[in-house]
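Breakdown of the fold
Given next are the chains, with one letter for each unit.
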Amino acid sequence: MRDNPQGQTRALQEFAAISINDAETGSHALFARYGLSAGVPLSYVDVGDGARPGWPCLLCSHWIQYLMKEDCLPQQMAGVRTWAEMRNRLGIFWARFRMLHPSHELFQQADKQKLRVTLPLFTHTDEGRSQKQKPLMIVSFHSAIGRGTRSWQEEVQRNPEHRSGMGLNFLGATWSNHFLFTTLLRSVYAARPQTFDRMVEHMAVD
């Protein structure tokens, strides 16, 4: 930008002009204006501390609705291109899961047809650092299956039937196949542990 400001796109020029002191708000507004933000609404849930109207989060159900609307649910949640491929892959996944866990309550609630559109999800919590280097807990979720790993894809090229096309969820940009639920500063959940517990409960119910 400094060497050739006029050689950049208007969006990039506007991005560079955002004040560092207002970087988050300015960036969000810019991304929304240029259609670069996901259409997932911000929700607020009760965490029982009475200190605020609700804790902000991005509900899992809203993420799934967004992926369906954008017609990218099969690719981002199952590592395939079409709904037919996804239903086939999920059918195989749950058949294998049932061999390992035949008494799981899921099989009392869903028949084979429902299982073919039931996504296996992992929740993921990991502590990182905020912009001001404060400990920050990040809560997210992602699919248990996906586009695999590089070594697995190489094996599939040699043997298309390798594991019947069942890949792990490692390939692709993290922001495209791991979905944020909420974040909490350590100072918050250390002082009020119920905040984290309630967030996890809301995530599970959703």
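Residues numbered from 1 in each chain as written. Predicted model: local features only at pLDDT ≥ 70, side-chain atom pairs only at ≥ 80, totals over all residues. Heavy atoms only, no water.

**Comments concerning the layout of surface pockets**
Condition: Cavities and pockets were defined on a 1 Å grid built from protein atoms only: a cavity is a group of points that admits a 1.4 Å probe but offers it no way out, a pocket is an open group of points flanked by protein on both sides within 12 Å along at least five of seven lines, and a lining residue is one with an atom within 4 Å of any such point. Grid points are joined across faces, edges and corners, and a volume is the space filled by probe spheres set on the points. Strands here mean DSSP runs of E at least two residues long; helices mean DSSP runs of H or I at least four residues long; both are numbered from the N terminus. Each residue is assigned to one class: nonpolar for Ala, Val, Leu, Ile, Met, Phe, Trp, Tyr, Cys and Pro, charged for Asp, Glu, Lys and Arg, and polar for all the others, Gly among them.
For the largest pocket, the calculated volume is near 1,100 Å³. Every residue lining the largest pocket is counted, 28 residues in all, and those nearest its centre are Glu 24, His 28, Leu 58, Leu 180 and Thr 183. Broken down by secondary-structure element, the contributors of at least two residues to the lining of the largest pocket are helix H2 (23-33), strand E2 (55-57) and strand E5 (178-185). Taken together, the residues that form the lining of the largest pocket break down as 17 nonpolar, eight polar and three charged. Looking at the second largest pocket, its volume works out to about 420 Å³. Forming the walls of the second largest pocket are 15 residues, and the residues nearest its centre are Cys 60, Leu 121, Met 203, Ala 204 and Asp 206. Looking at the lining of the second largest pocket, its residues break down into 10 nonpolar, four polar and one charged.

**Here's the deal with the side chain of Ser 43**
Condition: By definition in these notes, contact holds between two residues if any of their heavy atoms fall within 4.5 Å.
In this structure, Ser 43 sits in strand E1 (residues 43-45). Excluding its chain neighbours within four sequence positions, the residues that come into contact with Ser 43 are Trp 55, Pro 56, Cys 57, Leu 59 and His 62.

**Quick look at the confidence of the model for the protein chain**
Stated precisely, the cut-off is as follows: Every residue carries a pLDDT, the predictor's confidence in it, which falls somewhere between 0 and 100.
In the predicted model, the protein chain carries a mean pLDDT of 87, and the fraction of residues at 70 or more is 93%. Taking the mean pLDDT of every element in the protein chain, the minimum, 83, falls on helix H10 (residues 186-191) and the maximum, 96, on helix H3 (residues 60-69).

**Observations concerning helix H11 (residues 193-205)**
Applicable threshold: A helix is expected to reach a length of 1.5 Å times the quantity of its residues less one. Partly exposed residues are those whose accessible area sits between 20% and 50% of the maximum for their type, while under 20% is buried and over 50% is exposed, using a 1.4 Å probe and protein chains only. Relevant arc is that of directions from the helix axis to the C-beta atoms, nothing else.
For H11, spanning 13 residues, the distance from its first C-alpha to its last is 19 Å, which sits close to the expected 18 Å at 1.5 Å a residue. Among all positions of H11, only Thr 195, Met 199 and Met 203 are buried. Buried residues of H11, viewed axially, fall in a sector of 70°; they line one side. With respect to the buried face of H11, the exposed residues turned more than 90 degrees away are Ala 204 and Val 205.

**Some words on the environment of Leu 73**
Note that Leu 73 resides in helix H4 (residues 73-78). Between the alpha carbons of Leu 73 and Asn 177 there is a distance of 9.9 Å; along the sequence they are 104 residues apart. In this view, Leu 73 contacts Ile 64, Leu 67, Met 68, Ala 78, Trp 83, Met 86 and Leu 119; residues no more than four positions away in its chain are not counted.

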